[in-house]
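Structure assessment
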Amino acid sequence: MKILFIGTVLFSKNILDEVIKSKNQIVGVIGKKKTKYNSDYYDLVKYSRKLRIDAIYTDDINSTKILRWVKQRKPDILFCVGWNQLLKKNFLKIAPRGTIGYHPSDLPKNKGRHPIIWSLVLGLKKIGSCFFYMNSKADSGRIISKKMIKIQKNHDSNIIYKKLTIVGKKQIKEIMFKIKNNKLKSFPQNNLQS
(Lines give C-alpha, C1' and ligand atoms only; values in the text may rest on other atoms or scores of the structure.)
Protein backbone atom coordinates (compact mmCIF):
# COMPACT_ATOMS: atom_id res chain seq x y z
CA MET A 1 0.00 0.00 0.00
CA LYS A 2 1.41 3.38 -1.02
CA ILE A 3 0.67 6.12 1.50
CA LEU A 4 1.11 9.88 1.31
CA PHE A 5 1.01 11.78 4.61
CA ILE A 6 0.17 15.45 5.29
CA GLY A 7 0.75 17.20 8.63
CA THR A 8 2.43 20.00 10.52
CA VAL A 9 2.08 19.40 14.27
CA LEU A 10 3.59 17.09 16.90
CA PHE A 11 0.45 14.94 16.82
CA SER A 12 1.06 14.46 13.07
CA LYS A 13 4.57 13.17 13.79
CA ASN A 14 3.26 10.67 16.34
CA ILE A 15 0.66 9.34 13.92
CA LEU A 16 3.18 9.21 11.06
CA ASP A 17 5.46 7.10 13.27
CA GLU A 18 2.66 4.55 13.67
CA VAL A 19 1.96 4.54 9.93
CA ILE A 20 5.68 3.92 9.29
CA LYS A 21 5.63 0.98 11.72
CA SER A 22 2.83 -0.59 9.67
CA LYS A 23 5.47 -1.46 7.02
CA ASN A 24 3.55 0.21 4.18
CA GLN A 25 5.39 2.30 1.62
CA ILE A 26 5.37 6.00 2.53
CA VAL A 27 5.67 7.65 -0.89
CA GLY A 28 5.71 11.22 0.35
CA VAL A 29 5.14 13.65 3.19
CA ILE A 30 3.87 17.22 2.95
CA GLY A 31 4.51 19.76 5.70
CA LYS A 32 5.07 23.45 6.38
CA LYS A 33 8.28 25.32 7.18
CA LYS A 34 6.48 27.24 9.89
CA THR A 35 2.96 28.13 10.92
CA LYS A 36 1.40 30.88 12.99
CA TYR A 37 -1.67 28.74 13.69
CA ASN A 38 -0.14 25.91 15.72
CA SER A 39 1.75 26.23 18.99
CA ASP A 40 2.61 22.51 18.63
CA TYR A 41 4.28 22.97 15.22
CA TYR A 42 6.58 20.16 14.12
CA ASP A 43 8.78 20.14 11.01
CA LEU A 44 7.55 16.91 9.46
CA VAL A 45 9.50 17.47 6.24
CA LYS A 46 12.88 17.69 8.00
CA TYR A 47 11.96 14.65 10.11
CA SER A 48 10.86 12.63 7.06
CA ARG A 49 13.98 13.47 5.08
CA LYS A 50 16.12 12.13 7.95
CA LEU A 51 14.18 8.88 7.52
CA ARG A 52 14.84 9.03 3.76
CA ILE A 53 11.21 9.67 2.93
CA ASP A 54 10.54 12.07 0.05
CA ALA A 55 9.01 15.24 1.52
CA ILE A 56 8.04 18.73 0.44
CA TYR A 57 7.04 22.02 2.08
CA THR A 58 4.00 24.03 1.05
CA ASP A 59 1.88 26.92 2.22
CA ASP A 60 -0.83 26.05 -0.33
CA ILE A 61 -1.86 22.40 -0.25
CA ASN A 62 -4.10 22.87 -3.31
CA SER A 63 -1.48 24.47 -5.57
CA THR A 64 -0.82 23.02 -9.01
CA LYS A 65 2.76 22.22 -7.96
CA ILE A 66 1.63 20.15 -4.96
CA LEU A 67 -1.14 18.39 -6.88
CA ARG A 68 1.39 17.39 -9.53
CA TRP A 69 3.87 16.23 -6.86
CA VAL A 70 1.23 14.07 -5.15
CA LYS A 71 -0.05 12.57 -8.43
CA GLN A 72 3.51 11.60 -9.43
CA ARG A 73 3.76 9.47 -6.28
CA LYS A 74 0.57 7.53 -7.12
CA PRO A 75 -0.60 7.02 -3.52
CA ASP A 76 -3.28 4.44 -2.80
CA ILE A 77 -4.43 6.37 0.25
CA LEU A 78 -3.76 9.78 1.84
CA PHE A 79 -3.62 10.73 5.50
CA CYS A 80 -4.16 14.35 6.55
CA VAL A 81 -3.45 14.87 10.24
CA GLY A 82 -2.92 18.32 11.74
CA TRP A 83 -3.39 20.60 8.74
CA ASN A 84 -5.15 23.98 8.75
CA GLN A 85 -6.31 24.17 5.12
CA LEU A 86 -9.20 22.38 3.43
CA LEU A 87 -8.20 19.94 0.72
CA LYS A 88 -10.16 20.68 -2.44
CA LYS A 89 -12.08 18.06 -4.37
CA ASN A 90 -9.43 17.63 -7.09
CA PHE A 91 -6.85 16.87 -4.36
CA LEU A 92 -9.16 14.44 -2.58
CA LYS A 93 -9.73 12.53 -5.81
CA ILE A 94 -6.07 11.57 -6.24
CA ALA A 95 -5.90 8.46 -4.03
CA PRO A 96 -8.25 5.65 -5.11
CA ARG A 97 -8.76 4.45 -1.52
CA GLY A 98 -9.59 7.92 -0.22
CA THR A 99 -8.19 10.48 2.18
CA ILE A 100 -8.33 9.87 5.91
CA GLY A 101 -8.42 12.92 8.16
CA TYR A 102 -8.31 13.44 11.91
CA HIS A 103 -10.13 15.80 14.25
CA PRO A 104 -10.01 15.89 18.07
CA SER A 105 -13.72 16.24 18.82
CA ASP A 106 -16.91 14.26 19.07
CA LEU A 107 -17.70 14.68 15.38
CA PRO A 108 -20.00 15.85 13.96
CA LYS A 109 -19.97 18.18 16.99
CA ASN A 110 -17.26 20.80 17.60
CA LYS A 111 -15.94 21.05 14.04
CA GLY A 112 -13.36 23.67 13.09
CA ARG A 113 -10.28 25.15 14.67
CA HIS A 114 -9.08 24.77 18.26
CA PRO A 115 -11.44 21.93 19.31
CA ILE A 116 -9.43 21.12 22.45
CA ILE A 117 -9.67 24.73 23.68
CA TRP A 118 -13.37 24.90 22.78
CA SER A 119 -14.02 21.66 24.68
CA LEU A 120 -12.58 23.31 27.80
CA VAL A 121 -14.31 26.66 27.23
CA LEU A 122 -17.67 24.93 26.73
CA GLY A 123 -17.15 22.79 29.82
CA LEU A 124 -17.56 19.52 27.94
CA LYS A 125 -17.21 16.32 29.96
CA LYS A 126 -15.61 14.37 27.11
CA ILE A 127 -13.72 14.86 23.86
CA GLY A 128 -13.56 12.64 20.82
CA SER A 129 -10.61 11.34 18.86
CA CYS A 130 -11.97 10.89 15.32
CA PHE A 131 -10.53 9.53 12.11
CA PHE A 132 -12.80 9.98 9.10
CA TYR A 133 -12.87 9.88 5.32
CA MET A 134 -12.46 13.46 4.16
CA ASN A 135 -14.67 15.27 1.72
CA SER A 136 -14.59 18.90 0.61
CA LYS A 137 -16.37 20.14 3.75
CA ALA A 138 -14.55 20.85 7.00
CA ASP A 139 -14.32 17.93 9.41
CA SER A 140 -17.03 16.01 7.61
CA GLY A 141 -17.25 12.60 6.03
CA ARG A 142 -17.84 9.06 7.17
CA ILE A 143 -16.25 8.34 10.54
CA ILE A 144 -13.85 5.39 10.55
CA SER A 145 -12.88 5.40 14.23
CA LYS A 146 -14.10 7.43 17.19
CA LYS A 147 -12.89 7.04 20.76
CA MET A 148 -14.07 9.21 23.62
CA ILE A 149 -11.86 10.60 26.40
CA LYS A 150 -13.22 11.93 29.68
CA ILE A 151 -12.30 15.49 30.56
CA GLN A 152 -11.63 15.87 34.28
CA LYS A 153 -11.87 19.18 36.16
CA ASN A 154 -8.08 19.32 36.59
CA HIS A 155 -7.38 18.72 32.87
CA ASP A 156 -5.86 21.47 30.80
CA SER A 157 -5.17 21.49 27.06
CA ASN A 158 -1.73 19.86 27.51
CA ILE A 159 -3.15 16.91 29.44
CA ILE A 160 -5.94 16.44 26.89
CA TYR A 161 -3.44 16.66 24.00
CA LYS A 162 -1.30 13.93 25.57
CA LYS A 163 -4.35 11.71 26.12
CA LEU A 164 -5.50 12.26 22.52
CA THR A 165 -2.02 11.30 21.30
CA ILE A 166 -2.09 8.01 23.22
CA VAL A 167 -5.58 7.16 21.97
CA GLY A 168 -4.86 8.36 18.40
CA LYS A 169 -1.80 6.12 18.15
CA LYS A 170 -3.91 3.11 19.18
CA GLN A 171 -6.59 4.05 16.66
CA ILE A 172 -4.16 4.39 13.77
CA LYS A 173 -2.68 0.97 14.58
CA GLU A 174 -6.21 -0.49 14.32
CA ILE A 175 -6.90 1.42 11.10
CA MET A 176 -3.63 0.28 9.51
CA PHE A 177 -4.42 -3.33 10.48
CA LYS A 178 -7.86 -3.02 8.86
CA ILE A 179 -6.37 -1.48 5.71
CA LYS A 180 -3.76 -4.25 5.48
CA ASN A 181 -6.41 -6.95 5.84
CA ASN A 182 -8.97 -5.24 3.57
CA LYS A 183 -11.37 -4.82 6.47
CA LEU A 184 -11.68 -1.06 6.09
CA LYS A 185 -14.19 -0.12 3.45
CA SER A 186 -12.51 2.34 1.15
CA PHE A 187 -14.07 5.62 0.15
CA PRO A 188 -14.02 5.82 -3.63
CA GLN A 189 -13.39 9.14 -5.34
CA ASN A 190 -16.87 9.26 -6.86
CA ASN A 191 -18.43 9.45 -3.38
CA LEU A 192 -16.98 12.91 -2.73
CA GLN A 193 -19.54 15.59 -2.01
CA SER A 194 -19.14 18.91 -3.74
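Note that the structure is predicted; figures quoted are calculated from it, not measured.

This paragraph deals with the pattern of salt bridges. Evaluated as defined, the whole model comprises five salt bridges. A salt bridge links Lys173 to Glu18, with the nearest nitrogen and oxygen atoms 4.0 Å apart. Taken together, the positions of Lys173 in helix H6 (residues 157–180) and Glu18 in helix H1 (residues 10–21) put the pair 155 residues apart, joining distant regions of the chain. Accessibility expressed as a relative area gives 5% for Glu18, which makes it buried. Linked through salt bridges whose partners overlap, the residues forming this network are Glu18, Lys21 and Lys173.

Attention shifts here to the pairing of strand S1 (residues 2–6). Burial analysis of S1 places four of its five residues in the buried class, the great majority of the element. Bridge analysis of S1 against strand S2 (residues 25–31) gives five bridges, and the strand direction is parallel. When the sheet's bridge partners are listed, Leu4 is paired in S2 with Gly28. Each parallel crossover has a hand, and the one from S1 via H1 to S2 is right-handed. Where S1 meets strand S4 (residues 77–80), four bridges bridge the pair, whose relative direction is parallel. What sits directly across from Phe5, in S4, is Phe79.

Conventions used here
- Residues numbered from 1 in each chain as written.
- Predicted model: local features only at pLDDT ≥ 70, side-chain atom pairs only at ≥ 80, totals over all residues.
- Heavy atoms only, no water.
- Salt bridge = Lys/Arg side-chain N within 4 Å of Asp/Glu carboxyl O.
- Helix = DSSP H or I, 4+ residues; strand = E, 2+ residues; numbered from the N terminus.
- Buried < 20%, exposed > 50% of the residue type's maximum accessible area, 1.4 Å probe, protein only.
- Pairing = 2+ DSSP bridges.
- Right-handed = clockwise from strand over helix to strand, strands pointing away.

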